[in-house]
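The primary structure of each chain is shown beneath.
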Amino acid sequence: MSHRVFNFSAGPAMLPTEVLEASAKGLLDYQGKGFGIAECSHRGKEFDGVVDEAIAKTKSLLGIGDEHDVLFMQGGATMLFSVIAMNLLHTSADYLVSGEWSKKAAGAVKDLGLKANVVATSEATNFDRAPLPSEWKLDPNADYFHVCSNETVHGHRLVEWPTSASKNLIVDASSEFMSRPHPVKDCALVYAGAQKNLGPSGVVLVVVRKDVYPKLKKTGIKLFDFKALAENKSMINTPATFGIYVLLENLRWIERHGGLVGMEKRNAEKAKLLYDAIDNSGGYYSPFVAVKEQRSHMNVNYRLPSEEKTEAFIKEAAKNGMVALKGYRTVGGIRASIYNAMPVEGCQALAQFMGDFAKKNG
Ligand SMILES: *Cc1c(COP(=O)(O)O)cnc(C)c1O
């Protein structure tokens, strides 16, 4: 394996080395057959086995059973913003607008000429937090309630998924899916673009509760029909076969490393290293997120005293083998994305670097 740096990219993001090695092997020669997994029919037994195992592992990791279907879609989480509304929005749906991504999700509904009721928004304070449940103005007749559980750009998360707020909760979990145990069994639909925490781009993992099928609207597009996709094991047409294979290798890796409980423990330890470095810097590093308990365990955002110092920080970190730390363009500062694949050592190295840099440049 060639030299690898600590890559803090927000997405597409780093993957575990073991996953990449197994995937590279399967790309060249799948199980000694003389062809790779990206070079065979999606209708053949090799890929069929991949899909079956990916569905089974997704279900076992999430602790769900026959009430839910697991789908592998394309078009990114962004396409799901529209497809969900096209399928499930009859009258109006509730949207919590807590950041860039949930704002886009609600915007996609409006673009379709449908009604998104914004139950609360923190836009006035530049999405420095998610509005608290006590601030939400939910409509009891809404078709569903949509939230983004981890706002990737701003670096905050919902401490708990609000399953008690709606029996038809829909969660965009793109930047935290499988990073901790999730109450998926109490959700109508959960979706995640793979490229943050699960695999390469090109695959969206969707978990849908079957009791929504009788309520589905006719979209007129078979590829957007959750029920038809489930009935065809997501193979109405050619799925993103190699992406699904890498995703499967990642699910195997998660399983080997203690499942979602193991991920949660490791991610909490990693996040604490960085938040401690912020909190113990005497104000040199200022956290972006205003509500401490909402601090994301996946995307850690903070600012330095000036633009010049921020630039110098990014440059010097790269020289020390820590890359992709620049914050999102609308937010600025530093964003360290530390998904499942980031080893504890990467966070230790960054925390150490933060301390040293502050001392030298204070
Ligand atoms: C990255 C991201 C998206 C968009 O994903 P695409 O696959 O690029 O469409 C949506 N929601 C969240 C929370 C994200 O982090």
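Everything in this summary refers to the structure shown in the same document.

What counts and how
Residues numbered from 1 in each chain as written. Predicted model: local features only at pLDDT ≥ 70, side-chain atom pairs only at ≥ 80, totals over all residues. Heavy atoms only, no water. Pairing = 2+ DSSP bridges. Helix = DSSP H or I, 4+ residues; strand = E, 2+ residues; numbered from the N terminus. Contact = heavy atoms within 4.5 Å. Axes fitted to C-alpha atoms, helices over the stretch in contact; angles between N-to-C directions. Right-handed = clockwise from strand over helix to strand, strands pointing away. Phe/Tyr/Trp six-rings, centres within 6.5 Å; stacked < 30°, edge-to-face > 60°. Buried < 20%, exposed > 50% of the residue type's maximum accessible area, 1.4 Å probe, protein only. Near = heavy atom within 4 Å. Polar contact = N/O pair within 3.5 Å; in protein donor to acceptor, adjacent residues only side chain to side chain. Areas by Shrake-Rupley, 256 points an atom, 1.4 Å probe, with all protein chains shown as cover. Nonpolar A, V, L, I, M, F, W, Y, C, P; charged D, E, K, R; others polar.

1. Details of the sheet that holds strand E14 (residues 334-337)
Thought 1: One open sheet accounts for 3 strands, arranged E11-E12-E14; its pairing is antiparallel. Strands at the two margins of the open sheet, each flanked by one partner only, are strand E11 (286-287) and E14.
Thought 2: Taken together, the 2 bridges between E11 and strand E12 (residues 299-303) define a ladder with antiparallel strand orientation. Residue pairing in the sheet places Pro287 in a bridge with Tyr302 of E12.
Thought 3: Docked against the sheet, helix H7 (residues 259-279) engages E11, E12 and E14, running at close to 15° with respect to E12.

2. Description of the pairing of strand E4 (residues 116-121)
Thought 1: Both strand E3 (residues 93-97) and E4 contribute to a ladder of 5 bridges, which runs parallel. Note on E4: the bridge partner recorded for Tyr95 is Val118.
Thought 2: With helix H4 (residues 100-111) bridging E3 and the parallel E4, this β-α-β connection has right-handed handedness.

3. Some thoughts on the packing of aromatic side chains
Thought 1: Tallying each qualifying case throughout the model produces 13 aromatic pairs.
Thought 2: Ring geometry for Phe313 and Phe353: centres 5.1 Å apart, planes at 65°, overall edge-to-face. Here Phe313, found in helix H8 (residues 307-319), pairs with Phe353, found in helix H9 (residues 344-361); they are 40 residues apart in sequence, far enough to count as distant.

4. What to know about unusual backbone geometry
Thought 1: Omega for the bond connecting Gly11 with Pro12 falls within 30 degrees of zero, at -10°, which places this linkage in the cis form.
Thought 2: Here Pro12 lies in the loop between strand E1 (6-7) and helix H1 (17-28).
Thought 3: Within the chain, Asn126 stands out as a residue other than glycine whose phi angle is a positive 55°.
Thought 4: By the secondary structure assignment, Asn126 is in the loop between E4 and strand E5 (145-148).
Thought 5: On the basis of relative accessibility, which here comes to 57%, the residue Asn126 falls in the exposed class.
Thought 6: Here the phi dihedral of Phe127 falls at roughly 55°; this positive angle occurs in a residue that is not glycine.
Thought 7: Mapped onto the elements, Phe127 comes out in the loop between E4 and E5.
Thought 8: The exposure class assigned to Phe127 is buried, which follows from its relative accessible area of 5%.

5. Observations regarding the site of the ligand
Thought 1: Near the ligand lie 13 residues; those nearest to it are Thr78, Thr152, Asp172, Gln195 and Lys196.
Thought 2: With respect to the ligand, the side chain of Thr78 contributes an N or O atom lying 2.5 Å from an oxygen atom.
Thought 3: Trp101 places a polar side-chain atom, nitrogen or oxygen, 3.5 Å from an oxygen atom of the ligand.
Thought 4: Calculation on the ligand without its partners gives an accessible area of 390 Å², and the protein chains cover 88% of this total.
Thought 5: Residue contributions to the shell around the ligand peak at 4 residues, all from helix H3 (residues 76-88).
Thought 6: Grouping the constituent residues of the shell around the ligand by class yields 4 nonpolar, 7 polar and 2 charged.

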